[in-house]
Amino acid sequence: MSTVARDTAAFASCLHAVCGALQASEAELSALDRAIGDGDHGANLNRAAQALIEASEELSALPVSLALERAGMLVVTSVGGASGPLYGSMLIALGRAWPALRSAETVADALDQAVDAVRKRGRSTVGEKTMLDVLVPAVRAFRLSAASGDLGEALQSMLSAADSGLAATKPLRATKGRAAYVGERAIGHVDPGAASARLCLHAVAGVLLASRREERLL
Amino acid sequence: MKSSVGIVIVSHSPDVARGTAEMVRQMAGAEVQVAWAGGNPAGGLGTDVTKIVAAVNSVWSPSGVAVFIDLGGAETNSEMAIEMLDASRRERVVICNAPLVEGAIMGAAEAAAGSDLQQVRRAAEEFLRT
């Protein structure tokens, strides 16, 4: 397969994995959100997943950069909560920054742009009990480990960082988003946005790691 | 006559948005254009970028549009909606940091008096401080 065809196929697999994971976790994400927010995070992301699945053929026919941008717009217009513009802006920025020449470093640069878009959109930063508590350490770990040259290892360290990032949101008090309204009550619960971000990273990395294992076997 | 600043109400609840718009119309009079956007794309509680863009465009005036919001996602979605407007309009739409009902009524009264966008915003945002 050509690089472009392989990228497109990988995009389609990742898209389905992310949507499947979000739909399977709708109840869990909403339960997390009920504890500290308005309880609609699972349903909101389920709607995004539905819109993306419906458009998956159209998306998979596009070059990856445009597919990411278009997916971001679909997320923005389908969600109905703050997570729509947050995840949507992330995907749009990732698409715009998607490198023509892919290396671990250029992908890490694009991921930085994507996370930066979330930071700007939410006017938030690490330590405020948001999805950034997963995304920022995950991308940092990916970049550090990618420098050693092995994508598999980079993905693994990204996932470990995402896991600890999620756990780290538990003792935090929220100052951004809906959880900020419940004040002290948010302490002791992981952040639903951080949980969905971790879920998406696991879904994408799962596909990429599996396809690498296959390639090695073939 | 110069057209007055348009008013947009954004709430998670369509009922709250519609009701607030109704109060604004009654108190500010017919010369102020008021539109509302409430509910998520599926019709439940939430806010919808596409509806917000449509609401802003429906009350568009060269004097600009003041947007009033309730909680969290309403602000994020309104900011996103403003970025999606035509570049020529984007600069003349502001989100007011004011309580939804009281702020919209104060802002609309100011708009009805023919004030400019910044004056409308100030009147709405000063509500709590008076």
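Please read these numbers as outputs of a predicted model, since none were measured by experiment.

Conventions we followed
Residues numbered from 1 in each chain as written. Chains lettered and ligands numbered in written order. Predicted model: local features only at pLDDT ≥ 70, side-chain atom pairs only at ≥ 80, totals over all residues. Helix = DSSP H or I, 4+ residues; strand = E, 2+ residues; numbered from the N terminus. Rg over C-alpha atoms; globule rule 2.2 N^0.38 Å. Buried ≥ 20, exposed ≤ 12 C-beta atoms within 10 Å, placed from the backbone. Contact = placed C-beta atoms within 7 Å. Core = buried A, V, L, I, M, F, W, Y, C linked by C-beta atoms within 7 Å. Axes fitted to C-alpha atoms, helices over the stretch in contact; angles between N-to-C directions. Parallel < 35°, antiparallel > 145°, perpendicular 65-115°, else oblique. Left-handed = near helix turned anticlockwise from the far one by under 90°. Nonpolar A, V, L, I, M, F, W, Y, C, P; charged D, E, K, R; others polar. pLDDT = per-residue confidence, 0-100. Pairing = 2+ DSSP bridges. Right-handed = clockwise from strand over helix to strand, strands pointing away. Expected span 1.5 Å × (residues − 1).

Points about the overall build of chain A
Step number 1: When its secondary structure is counted, chain A shows ten helices and zero strands.
Step number 2: Listed N to C, the secondary structure of chain A is α-α-α-α-α-α-α-α-α-α in terms of helices and strands.
Step number 3: Taken against the 2.2 N^0.38 rule, which gives 17 Å for 218 residues, the C-alpha radius of gyration of chain A at 17 Å falls within 12% of a compact globule.
Step number 4: Taking the principal axes of its C-alpha atoms as reference, chain A extends roughly 55 × 35 × 30 Å.
Step number 5: For chain A, with 218 residues in total, the buried portion stands at 51%.
Step number 6: By sequence separation, contacts in chain A at least 24 residues apart represent 61% of the contacts at least 6 residues apart.

Quick look at the nonpolar core
Most often, soluble globular proteins have nonpolar side chains that are buried together.
Step number 1: Counting residues in hydrophobic clusters, the biggest one holds 106 residues, and the most contacted among them are M158 of chain A together with V8 and F68 of chain B.
Step number 2: Listed in part, the five residues of the second largest apolar core include L172, A174, A179 and A186 of chain A.

Some remarks on the packing of helix α2 (residues 49-58) of chain B against helix α3 (residues 72-84) of chain B
Residue and element names in this part refer to chain B.
Step number 1: Across the interface, α2 lies against α3 with an axial gap of 9 Å and an inter-helix angle of 60°. One finds that α2 runs oblique with respect to α3. Along this stretch, α2 crosses α3, giving a crossing that reads as right-handed. Within the contact between the two elements, α2 uses V49, I52, V53 and V56 and α3 uses N77, S78, M80, A81 and M84.
Step number 2: Looking at the contact of α2 with α3 residue by residue, the classes come out as seven nonpolar, two polar and no charged.

Focus on the interface of chain A and chain B
Step number 1: With 15 residues of chain A at the interface, the matching set in chain B holds 14 residues.
Step number 2: Secondary structure elements with two or more residues in the side of chain A that touches chain B: α3 (41-54), α5 (64-79) and α6 (83-97) of chain A.
Step number 3: Partitioning the side of chain A that touches chain B into residue classes produces four nonpolar, seven polar and four charged.

Here we look at unusual backbone geometry
Step number 1: Phi is positive for R123 of chain A, which is not a glycine, with a value near 45°.
Step number 2: Looking at where R123 of chain A falls in the secondary structure, it is placed in the loop between α7 (104-122) and α8 (132-146).

Digging into the confidence of the model for chain B
Step number 1: Taken as a whole, chain B shows an average pLDDT of 94; of its residues, 97% reach a score of 70 or greater.
Step number 2: Across the interface, the model reports ipTM at 0.85; the global pTM reads 0.91.

Quick word on the pairing of strand β2 (residues 34-38) of chain B
All names here are of chain B.
Step number 1: Across the five residues of β2, five count as buried, placing the element largely inside the fold.
Step number 2: Across five bridges, strand β1 (residues 6-11) lies against β2 in parallel orientation. Each bridged residue has a counterpart across the sheet, and for I7 the counterpart in β2 is V34.
Step number 3: In the classification by handedness, the crossover that spans β1, the intervening helix α1 (residues 14-28) and the parallel β2 is right-handed.

Some points on α3 of chain A
Residues and elements named next belong to chain A.
Step number 1: Taking 1.5 Å per residue, 14 residues should reach 20 Å; α3 reaches 20 Å between its end C-alpha atoms and fits that length.
Step number 2: With ten of 14 residues buried, α3 lies mostly within the body of the structure.
Step number 3: Among the residues of α3, H41, G42, A43, N44, L45, N46, R47, A48, A49 and L52 are the ones counted as buried.

Focus on the packing of helix α1 (residues 3-24) of chain A against α3 of chain A
Residues and elements named next belong to chain A.
Step number 1: Axis separation between α1 and α3 bottoms out at 9 Å; the angle between their running directions is 145°. For the element pair α1 and α3, the recorded crossing hand is left-handed. Listed contacts from α3 to L15, C19, L22 and Q23 of α1 are L45, N46, A49, L52 and I53.
Step number 2: Its residues assigned to classes, the contact of α1 with α3 comprises seven nonpolar, two polar and no charged.

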